[in-house]
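Now for the letters of each chain:
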Amino acid sequence: MGASTIGRDLAPRVSARINTGLTADCTKLEVDEETKDLLMTRPAFGGNIMATIICPEHRPQMSTVRPGVMTLAEADTARKGVISKVPVAFDSADMNIEILEVVKETKAKVNIEDANILVSGGRGVGKPENMSTLENLALRLGGTVSASRAVVDAGWIDRNNQVGQTGKTVRPDLYFACGISGAIQHLAGMEDSEFIVAINKDETAPIFDAADLGIVGDVHKVIPELMKLLPITEED
Ligand SMILES: Cc1cc2nc3c(=O)[nH]c(=O)nc-3n(C[C@H](O)[C@H](O)[C@H](O)COP(=O)(O)OP(=O)(O)OC[C@H]3O[C@@H](n4cnc5c(N)ncnc54)[C@H](O)[C@@H]3O)c2cc1C
């Protein structure tokens, strides 16, 4: 199941009900040809190792996979499926939860997993007001702003925009890492991006190992210079 909000709720309930195991948040799935065990790989111990977990004693084998971890297969319109409607009858005794009120969030939620261009900010951005520099760059490029956990924890941006192990896994065409050190938990969420540009004033920052293009410098000087090179758009 997808490690989405619903999948994370449903998968453990189903696995407990059918008495089997569940490996959550997998990043790779393979099958052992001999035993037919599902080899479920996911980061463990704070992302410091990748663990491959099996469920040899029980069937079926279950896992959740975070959205964006695997590339989408090409749509095959020749394939047909049968849609079966399964009627479910509930009565009030089945309900553990009563919905008293539904309150819609007024702010439009951005989905960083769908963005082709992400301008991501880290602690090196300095202060919340400086996030507007990244927003301007994102606007100019037609992209979206995302962030490291340090920035989310500081409350400079919504948790929905966090990239990484405990945030979202993204693979945009272009990923700007601005003032982000490149901790393993951050890399886990963005290292499969098509093209990574890192801006950091510390030339030894690990983000440069993952970057296709590295710019050593102060993010507040580099971004304005970049902006001068980019054509002004209608949104500016
Ligand atoms: C279990 C666990 C899960 C985690 N999950 C996540 C996750 O999902 N996502 C995530 O991001 N982190 C996650 N973390 C936290 C992670 O380990 C790092 O602490 C975090 O990514 C650091 O964020 P940062 O790079 O913004 O800050 P820092 O590590 O503090 O890096 C700031 C960088 O900015 C540079 N800098 C400073 N000033 C400037 C400037 N003016 N111009 C240019 N560069 C500058 C510095 O050289 C430095 O490299 C997790 C940690 C744990 C233990």
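Residues numbered from 1 in each chain as written. Predicted model: local features only at pLDDT ≥ 70, side-chain atom pairs only at ≥ 80, totals over all residues. Heavy atoms only, no water.

What follows deals with the sheet that holds strand S4 (residues 49-53). On the basis of which strands lie adjacent, the open sheet formed by three strands has the order S2-S3-S4 and antiparallel pairing. At either margin of the open sheet sits one strand with a lone partner, and together these are strand S2 (28-31) and S4. Averaged over all pairs of adjacent strands, the angle between strand axes in this sheet comes to 25 degrees, irrespective of strand direction. (Pairing = 2+ DSSP bridges. Helix = DSSP H or I, 4+ residues; strand = E, 2+ residues; numbered from the N terminus. Axes fitted to C-alpha atoms, helices over the stretch in contact; angles between N-to-C directions.)

Time to look at the site of the ligand. In the region of the ligand, 24 residues are neighbours, and Arg-123, Ser-148, Thr-166, Ser-181 and Gln-185 sit closest. In the model, an oxygen atom of the ligand is placed 3.3 Å from a nitrogen or oxygen of the Gly-167 main chain. Between the ligand and Val-219 there is a distance of 2.8 Å, counted from a nitrogen atom to a backbone nitrogen or oxygen. Those elements giving two or more residues to the shell around the ligand turn out to be helix H3 (149-153) and helix H4 (184-190). Among the residues making up the shell around the ligand, the classes are represented as five nonpolar, 14 polar and five charged. (Near = heavy atom within 4 Å. Polar contact = N/O pair within 3.5 Å; in protein donor to acceptor, adjacent residues only side chain to side chain. Nonpolar A, V, L, I, M, F, W, Y, C, P; charged D, E, K, R; others polar.)

So, on to helix H2 (residues 131-141). Turning to H2, its buried residues number three or more, namely Met-131, Leu-134, Leu-137, Ala-138 and Arg-140. Buried residues belonging to H2 abut strand S6 (117-121), strand S7 (144-147), H3, strand S8 (174-178) and helix H6 (219-229). Within two residues after H2, Gly-142 carries a phi angle of roughly 75 degrees, on the positive side. (Buried < 20%, exposed > 50% of the residue type's maximum accessible area, 1.4 Å probe, protein only. Contact = heavy atoms within 4.5 Å.)

Within this structure, the stated rule accounts for eight salt bridges. A salt bridge links Lys-228 to Glu-225; the shortest N-O distance between them is 3.0 Å. Residue Lys-228 and its partner Glu-225 are both found in helix H6; the two are separated by three residues, about one turn of the helix. We classify Glu-225 as partly exposed; its relative accessible area is 45%. (Salt bridge = Lys/Arg side-chain N within 4 Å of Asp/Glu carboxyl O.)

Attention shifts here to the sheet that holds S7. Within the open sheet, the five strands sit side by side as S7-S6-S8-S9-S10. Their pairing is parallel. Edge strands, defined here as strands with exactly one partner in the open sheet, are S7 and strand S10 (213-216). Recorded for the sheet is a direction-independent mean angle of 20 degrees between the axes of neighbouring strands. Against the sheet, H2 engages S6, S7 and S8, with an angle of about 170 degrees to S6. Relative to strand S9 (residues 195-200), H6 is tilted by about 130 degrees, and along the sheet it contacts S8, S9 and S10.

One finds Leu-134, Phe-176, Cys-178 and Ile-223 to be the most contacted residues of the largest nonpolar core, which totals 21 residues. Contributions of two or more residues to this core are made by S6, H2, S7, H3, S8, S9 and H6. Setting aside its immediate chain neighbours within four residues, Leu-134 contacts Val-119, Ser-120, Gly-121, Val-125, Val-145, Cys-178 and Ile-223. With 16 residues, the next largest nonpolar core counts Val-163, Ala-177, Ala-205 and Ala-211 among its residues. (Core = buried A, V, L, I, M, F, W, Y, C linked by side-chain atoms within 4.5 Å.)

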